[in-house]
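Report on the structure
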Number of protein chains: 2
Amino acid sequence: MENINLSAIKSPADIRQMDEQQLNVLARSMREALLEKLSAHGGHVGPNLGMIEAIIALHYVFNTPEDKIVYDVSHQTYPHKMLTGRMEAYTDPAHYDDVTGYTNPKESDYDLFSLGHTSSAVSLASGLAKARDLKGGNENVIAVIGDGSLSGGVAFEGLDYGATLGTNFIVIVNDNDMSIAENHGGIYADLRLLRDTNGTADNNLFRAMGYAYRYVHYGNDIHSLIEMFQSVKDINYPVVVHLNTMKGMGLPVAEADKEKFHYSAPFDLKTGEPFLQGESPEGYDDLFAIQVLARMKEMPELAVVNAGTPGAIGFGPSRRKEAGSQFVDVGIAEQQAVAMASGLAKSGARPVVALASTFLQRAYDQFCQDIALNHQPATFIVFYGSVFGINDETHLGFFDLGLLSNIPDLLVLTPTCKEEFLAMLSWSESQCEKPVVIRVPGGAVRSDSHVTILDDYSRPSFDIVRNGSRIALIGVGTFLPVMEQVAEKLASNGLDPMVINPREVSTLDTACLDSLRNFDLIITAEDGIVDGGYGQKVASYFGTSEVKVINLGLPKQFVDRYDANELLKECNLTPEQIAEIATSTLK
Amino acid sequence: MENINLSAIKSPADIRQMDEQQLNVLARSMREALLEKLSAHGGHVGPNLGMIEAIIALHYVFNTPEDKIVYDVSHQTYPHKMLTGRMEAYTDPAHYDDVTGYTNPKESDYDLFSLGHTSSAVSLASGLAKARDLKGGNENVIAVIGDGSLSGGVAFEGLDYGATLGTNFIVIVNDNDMSIAENHGGIYADLRLLRDTNGTADNNLFRAMGYAYRYVHYGNDIHSLIEMFQSVKDINYPVVVHLNTMKGMGLPVAEADKEKFHYSAPFDLKTGEPFLQGESPEGYDDLFAIQVLARMKEMPELAVVNAGTPGAIGFGPSRRKEAGSQFVDVGIAEQQAVAMASGLAKSGARPVVALASTFLQRAYDQFCQDIALNHQPATFIVFYGSVFGINDETHLGFFDLGLLSNIPDLLVLTPTCKEEFLAMLSWSESQCEKPVVIRVPGGAVRSDSHVTILDDYSRPSFDIVRNGSRIALIGVGTFLPVMEQVAEKLASNGLDPMVINPREVSTLDTACLDSLRNFDLIITAEDGIVDGGYGQKVASYFGTSEVKVINLGLPKQFVDRYDANELLKECNLTPEQIAEIATSTLK
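Residues numbered from 1 in each chain as written. Chains lettered and ligands numbered in written order. Predicted model: local features only at pLDDT ≥ 70, side-chain atom pairs only at ≥ 80, totals over all residues. Heavy atoms only, no water.

Things to note about the overall build of chain A
Counting secondary structure elements, chain A contains 24 helices and 18 strands. At 26 Å, chain A has a C-alpha radius of gyration in line with the 25 Å of a compact globule built from 587 residues. The C-alpha extent of chain A, read off along each of the three principal axes, is 80 × 55 × 55 Å. Here chain A holds 587 residues, and 68% of them are scored as buried. Considering only intrachain contacts with a sequence separation of at least 6, the fraction spanning at least 24 residues in chain A is 75%. Of the roughly 18,900 Å² that chain A leaves accessible, carbon and sulfur atoms contribute 49%. Chain A carries 45 positive and 76 negative side-chain charges, and their two centres are separated by 2 Å. (Helix = DSSP H or I, 4+ residues; strand = E, 2+ residues; numbered from the N terminus. Rg over C-alpha atoms; globule rule 2.2 N^0.38 Å. Buried < 20%, exposed > 50% of the residue type's maximum accessible area, 1.4 Å probe, protein only. Contact = heavy atoms within 4.5 Å. Areas by Shrake-Rupley, 256 points an atom, 1.4 Å probe, with all protein chains shown as cover. Lys, Arg positive; Asp, Glu negative; His and termini not counted. Charge placed at Lys NZ, Arg CZ, Asp CG, Glu CD.)

Focus: the relation of the copies chain A and chain B
When chain A is fitted to chain B, the residual RMSD is 0.0 Å, and the transformation amounts to a turn of 180° plus an axial shift of 0.0 Å. In symmetry terms, the pair is related by a two-fold rotation axis. Residue by residue, 99% of the interface of chain A is reproduced at the interface of chain B, so both copies engage with the same surface. (Least-squares fit on C-alpha atoms with pLDDT ≥ 70 in both.)

Section: the sheet that holds strand β15 (residues 471-475) of chain B
All names here are of chain B. Spatial ordering of the open sheet is given by β14-β16-β15-β17-β18, a layout of five strands whose pairing is mixed. Each having just a single partner strand, β14 (463-466) and β18 (548-554) make up the two edges of the open sheet. Adjacent strand axes in the sheet meet at a mean angle of 25° when their direction is disregarded. Sheet topology places β15 next to strand β16 (residues 498-501); three bridges connect them, and they run parallel. Note that in β16 the partner of Ala472 across the bridge is Met498. (Pairing = 2+ DSSP bridges. Axes fitted to C-alpha atoms, helices over the stretch in contact; angles between N-to-C directions.)

Observations regarding the environment of B:Leu396
All names here are of chain B. Structurally, the position occupied by Leu396 is in the loop between β11 (379-383) and α17 (400-405). Given a relative accessible area of 2%, Leu396 falls into the buried group. For the pair formed by Leu396 and Ser357, sequence separation is 39 residues and the distance between their alpha carbons is 7.8 Å. If we ignore the near neighbours within four places in the chain, the residues touching Leu396 are Ser357, Thr358, Gln361, Ile390, Asn391, Gln557, Phe558, Val559 and Tyr562.

A word on the pairing of strand β6 (residues 238-244) of chain A
All names here are of chain A. Judged by how many residues are buried, β6 sits mostly within the fold: seven of seven residues are covered. Across the two faces of β6 the burial is the same, with Pro238, Val240, His242 and Asn244 and Val239, Val241 and Leu243 all buried. With seven bridges joining them, strand β4 (residues 169-175) and β6 adopt parallel strand pairing. Bridge assignment links Val173 to a residue of β6, and that residue is His242. With helix α11 (residues 222-232) bridging strand β5 (residues 212-216) and the parallel β6, this β-α-β connection has right-handed handedness. (Right-handed = clockwise from strand over helix to strand, strands pointing away.)

Observations regarding helix α7 (residues 153-162) of chain B
Here α7(B) lies mainly inside the structure; ten of its ten residues are buried. Within α7(B), the full set of buried residues consists of B:Gly153, B:Val154, B:Ala155, B:Phe156, B:Glu157, B:Gly158, B:Leu159, B:Asp160, B:Tyr161 and B:Gly162.

A closer look at the packing of aromatic side chains
All names here are of chain A. If you walk through the whole model with that rule in mind, you get 31 aromatic pairs over all chains. Taking the centre distance of 6.0 Å and the plane angle of 70° together, the rings of Phe399 and Phe558 count as edge-to-face. Within this pair, whereas Phe399 is found in the loop between β11 (379-383) and α18 (400-405), its partner Phe558 is found in the loop between β18 (548-554) and α23 (564-570), the two being separated by 159 residues in sequence. By relative accessible area, which is 5% here, Phe399 ends up buried. Chaining the aromatic ring pairs together yields one cluster made of Phe288, Phe315, Phe327, Phe383 and Tyr384. In this structure, Lys37 packs its charged tip against the face of Tyr90, placed 4.3 Å from the ring centre. (Phe/Tyr/Trp six-rings, centres within 6.5 Å; stacked < 30°, edge-to-face > 60°. Lys NZ or Arg CZ within 6 Å of the ring centre and 35° of its normal.)

Let's talk about the interface of chain A and chain B
If you look at the interface, chain A gives 106 residues, while chain B gives 105 residues. Surface buried jointly by chain A and chain B totals about 8,400 Å² across both partners, of which 57% is contributed by carbon and sulfur atoms. Its largest share of buried area at the contact with chain B, chain A owes to A:Leu134, A:Glu157 and A:Phe558, together 8% of the area lost on that side. Inspection of the chain A/chain B interface yields 36 residue pairs in polar contact (both at pLDDT 80 or more). (Buried area = accessible area lost by both parts, 1.4 Å probe. Polar contact = N/O pair within 3.5 Å; in protein donor to acceptor, adjacent residues only side chain to side chain.)

Digging into the sheet that holds strand β4 (residues 169-175) of chain B
All names here are of chain B. Strand order in the open sheet formed by five strands is β2-β3-β4-β6-β5, with parallel pairing between adjacent strands. Edge strands, defined here as strands with exactly one partner in the open sheet, are β2 (68-71) and β5 (212-216). The mean inter-strand angle of the sheet, taken between neighbouring strand axes irrespective of direction, is 20°. In this fold helix α3 (residues 46-61) packs onto β2, β3 (141-146), β4 and β6 (238-244), with an angle of close to 160° to the strand it touches most, β2.

Topic: the packing of helix α7 (residues 121-135) of chain A against helix α14 (residues 334-346) of chain B
Here α7(A) crosses α14(B) at 50°, and the two axes come no closer than 6 Å. Compared by their axis directions, α7(A) and α14(B) come out oblique. When you trace α7(A) past α14(B), the crossing you get is right-handed. Note on element contacts: α14(B) touches α7(A) through B:Gln336, B:Ala339, B:Met340, B:Ser342, B:Gly343, B:Leu344 and B:Lys346, opposite A:Ser123, A:Leu124, A:Ser126, A:Gly127, A:Leu128, A:Lys130, A:Ala131 and A:Leu134. (Parallel < 35°, antiparallel > 145°, perpendicular 65-115°, else oblique. Left-handed = near helix turned anticlockwise from the far one by under 90°.)

Concerning the pattern of salt bridges
Residues and elements named next belong to chain A. Applying the stated criterion across every chain, the model contains 60 salt bridges over all chains. Among the salt bridges present, the one from Arg195 reaches Asp177, with a minimum N-O distance of 3.3 Å. In this pair, Arg195 sits in helix α9 (residues 187-196) while Asp177 sits in the loop between β4 and α9, placing the two residues 18 residues apart along the sequence. The buried category is assigned to Arg195, whose relative accessible area is 9%. Under the relative-accessibility criterion, Asp177 is labelled partly exposed at 31%. One continuous salt-bridge network, built from bridges that share partners, spans Lys81, Arg86, Glu107 and Asp111. (Salt bridge = Lys/Arg side-chain N within 4 Å of Asp/Glu carboxyl O.)

Some details on helix α12 (residues 284-298) of chain B
Residue and element names in this part refer to chain B. The terminal C-alpha atoms of α12 lie 22 Å apart, and with 15 residues this matches the ideal 21 Å at 1.5 Å per residue to within 8%. Of the residues making up α12, those classed as buried are Tyr284, Leu287, Phe288, Ala289, Gln291, Val292, Leu293, Arg295 and Met296. Tucked into the core, α12 has its buried residues touching β8 (302-306), α13 (317-323), β10 (350-356), β11 and α18 (418-430). (Expected span 1.5 Å × (residues − 1).)

What about the confidence of the model for chain A?
Of all residues in chain A, 100% attain a pLDDT of 70 or more, and the chain-wide mean is 97. The ipTM value of the predicted complex is 0.98, and its pTM value is 0.98. (pLDDT = per-residue confidence, 0-100.)

Remarks on the side chain of B:Ser540
Assignment of secondary structure puts B:Ser540 in helix α21 (residues 534-541). If we skip the residues at most four places from it in the chain, B:Ser540 touches A:Gln536, A:Ala539 and A:Asn551.

Digging into the pairing of β18(B)
Residues and elements named next belong to chain B. Of all the seven residues making up β18, six are buried; the element is thus mostly covered by neighbouring parts of the structure. Judged from the six bridges that link them, strand β17 (residues 521-529) and β18 form a sheet pairing that is parallel. If you follow Ala525 over to β18, its bridge partner there is Leu552. Crossover connection from β17 via α21 to parallel β18: handedness right-handed.

Quick word on the environment of B:Ala89
Residues and elements named next belong to chain B. Inspection of the secondary structure assignment puts Ala89 in helix α5 (residues 88-91). Each C-alpha atom, one on Ala89 and one on Tyr78, is 9.4 Å from the other, the two residues being eleven residues apart in sequence. Setting aside residues up to four positions removed in sequence, Ala89 forms contacts with Lys37, His95, Tyr96, Asp98 and Val99.

Some remarks on unusual backbone geometry
The omega torsion of the bond from A:Thr64 to A:Pro65 falls at 0°, within 30 degrees of zero and hence cis. Within the secondary structure layout, A:Pro65 lies in the loop between α4 (52-61) and β2 (68-71). Despite not being glycine, B:Val73 has its phi angle at roughly 60°, a positive value. Residue B:Asp409 is not a glycine yet carries a positive backbone phi of 70°. Tracing the chain through its elements places B:Asp409 in the loop between α17 and β12 (411-413). On the basis of relative accessibility, which here comes to 37%, the residue B:Asp409 falls in the partly exposed class.

Dropping the structure here:
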């Protein structure tokens, strides 16, 4: 049979009349289109290729959107978007950017939530189911969650509650035996056992949690999937349907290297090699991994802890192998990563926990209670906490600075260049006094061989990188070089601005601030939202003095798929704009 | 045999020579002493009475403190403290207050962490075990966790990781078939099955998570406990030891009403009645529960969601029964409570989630991602977010204000009296536009029949409760009446201060603030830490104006078992002190 004309598919209604043969052809056509887009455009490769058949079967069997499907992370929803009115975004290069990489209610009523953090789908779906029960509805409620996402605590909480609903609640576990990298956790032995026994093993995590259980061994076979989904449709109790799927299905290079093809930039379909060749630019992830790996060899008690995103912190497979038992991946379990670090430090190990800004939000309480309250000398490296971080609304790195710097006893360092970052890392690995957060600067790696390195970063100590008078420019992290540019502009207008690197944002160097009391203007700029951040502490400190204070940074808002430089311009954060603000304020 | 002379027990070494008969007498003597203290002093009754035997057996078998025990929540550690050098605090009324209610490393090397939030012990212990393995140690590492605490996501994350350690890791599950109130969650059916089958059921949550499994049916029998602990001592793989214990063991009223005697104020040992009789003062918890219960009857889609602390939000057993399926207890699972609310709101139900300030810290990410980013009109009631909240360092309510008010699109209301609280609650239950947090004022319930009630709290709108000139006093929540007292004092000194109730702290009423630009001084006071809070937003707003701004509130620090009024005095927050600050600043 020839390929299906994909552009004729405007909604799931268009596939519900098809026979299985047609659905199989549909899957083949969708896979071809997806491969073409992924190759040319990049995106989540493995998760989507593995779920084409299941998503077709879901929309075939269930009466979407009345029946409700919540996809965990929702990075596997390209096939869902293809079937729900957004085909063009996958077949026409001119429309590739019409859709986001995640479900998005602004795009379609078939998308229930904007989500991108893992492990929340079961909880969200449990709310939909409970609302249905309170209102007397009868729709099916379905959560789709991957095996990797099961390691997150909120997934457990959702499953635990969902089991008590006593009504229709269908949890599809999409088990491809992979997280972003390999899985870590005790539950994965049980998932393997279930796969190996065709779902018949007595030891069954899901039954132990109160669910009925079904297993589909051929999770990429539309016939098996339809049969199973039909059997659980309108079921009146909670059930887990465990699918054994193949991540990267249909793309040999992705099937062979699942970690590499979890997400990929544009790549050659045959070789799997990225189109953009040549030396990739130096990244803070590599700088971090190289230094910490070297240190591990001198310090057997040094452990790097990560929560399911090893590649994002510079620890690809070969470095993980090199680190051996000194590299700990706890699964997608940020709370565990942070609380475990407290235990590691308490017993004299040297934990270095590396997390992405957007995901560490899961562990606020552990930072507060297990680390800060207990004064445990663990080191935390925060990646992507920057306007130059991840630009999806679900993955913003705008909030960690205020979140962490307002926790008592937690030292939050904000290096401005690679030399300072590595010096702070080196100091923190060695000290046994304080919990330390080091927030990696945003954007391309910056080198400043003239930066002043300290032996001890434990006390607030401003670095005056340019002396001056009347006006002080405090540039936090990423914004130090911006403030240096501002200073140059102002100097060329006859002003003599001081430029300050505050080095840390959790306390104020009041001695230095006091020396600015005869200044006319202080401008702070930070790489995060202004509200609750660093600058407002400075403004408050000078609340009763004559010196004017202006706090610059990002507004408190969610923005989606923004261009960093455009956003900075909108927020008056370019050097030209800041210089203009300074000049007009001083008038 | 006569009672043991408890004061002779200075450390676990003193019980390790005892025979079982002596240990049984020891348990009896400890229980008598505990009952006497609990009756006279109050405290966690049920958890401690239920664990006397297990804690004796642990210290008898294991070589503490070299072998390490981490107690979850640590509210069950009174027997542990009795055996580890702090007996006097349980036998001599003059020393009752020498110890905190939780483990505390400042008190003893036998206490590894200061902790009071649930579900973290396994994670903390996993860090201790990993550190041991990195450093080549051979001590036993033991986590003690209750069945209720298993419902928290971080407990799952810890168990999931712990199973992969491959070395000595002993998890004692203290199963008394109760959380603070009854348990909720799918796992509890499995725990019951395991108890009912003497641990032999095939469906075994712990085995499914990768643990070896042992069961002790008589979890209050020292002989059985010693035998079991000896059998797992020095084990070289992860094991769960499941104890079937009796909460409140040995106090008939506590065995009969486990919820009432989870924690109790001083009470009569025979009747169980509290010594302080008479009408208890009106509380915001009751006000909340009464109003929301009445509303439930008109709105079948209204659901109150709570995470394992129903009594603390006014929902004792009878109100829970009255609310029926409209009251949801998700277990000690704040992430689930908040994420589920997103699903409830999405499908048109009206969720009202009530949480304690200190515990909602667990759900920051769900507030940010599942609620705010998705604009779900759920209502959140924050209890104990105040200096007048819970005064243990582990349970401070100082941080929620900054935490929540800096999340985009989340409206954080700060009522100042019961009339305003109930009006805001009523409005929020009805509206379908915004996620709303209502932060219950601290201290005794305050009535102000003159408070201006709005039909709509969705837009920032200052309430000028006293008109004035030159000086404006902005009192957030609990601090409005304080500011009114300040105003009286200042007025009696010839000043004419304005007093403002900002009503909400997530946005500024810039129109009103702009009208203050010709004022000399604005003082803000808020019931939380200053850093990252409301006042600093006001200071920042006026950063370039002539008006002086002073931000008052709590310093960024952990304080333990503080006296609220003393703390306020230390922080310059009494009306007299604030008036003095105003006067001296205006000079």
